[in-house]
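# Residue-level structure breakdown
The lines below spell out each chain.
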Amino acid sequence: MTRDTRFARVLLVLVLAPAGGLFGKAVAEAAQVRPWWPWLLASLVWLLVCGGIAVAVFSHVDEHR
């Protein structure tokens, strides 16, 4: 595994794992008939913001090769 591949996998885990947890929390709240949409919104915001940052960082690293 190259250094770039390892770096990409770490970024993927840092973006997707918390988003999955927030999505799971939304499902749990919906099952208990509680407001679930704030958790779903937080999951989407996390994906967009952190995913954008991860893409920018990886693109920046890729340009300097």
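In short, a report on the structure. (Residues numbered from 1 in each chain as written. Predicted model: local features only at pLDDT ≥ 70, side-chain atom pairs only at ≥ 80, totals over all residues. Heavy atoms only, no water.)

Tallying each qualifying case throughout the model produces two salt bridges. Between arginine 34 and glutamate 29 there is a salt bridge, and its shortest N-O distance comes to 3.7 Å. A single network of salt bridges, built from pairs that share partners, joins Lys25, Glu29 and Arg34. (Salt bridge = Lys/Arg side-chain N within 4 Å of Asp/Glu carboxyl O.)

Turning next to the side chain of serine 43. By the secondary structure assignment, serine 43 is in helix α2 (residues 37–63). Serine 43 has contacts with Ala19, Leu22 and Phe23, leaving out every residue within four places of it along the chain. (Helix = DSSP H or I, 4+ residues; strand = E, 2+ residues; numbered from the N terminus. Contact = heavy atoms within 4.5 Å.)

If you walk through the whole model with that rule in mind, you get zero aromatic pairs. Above the plane of the ring of tryptophan 39 lies lysine 25, whose end atom (NZ or CZ) is 5.4 Å from the centre. (Phe/Tyr/Trp six-rings, centres within 6.5 Å; stacked < 30°, edge-to-face > 60°. Lys NZ or Arg CZ within 6 Å of the ring centre and 35° of its normal.)

By themselves, these observations are geometric and do not establish any function.
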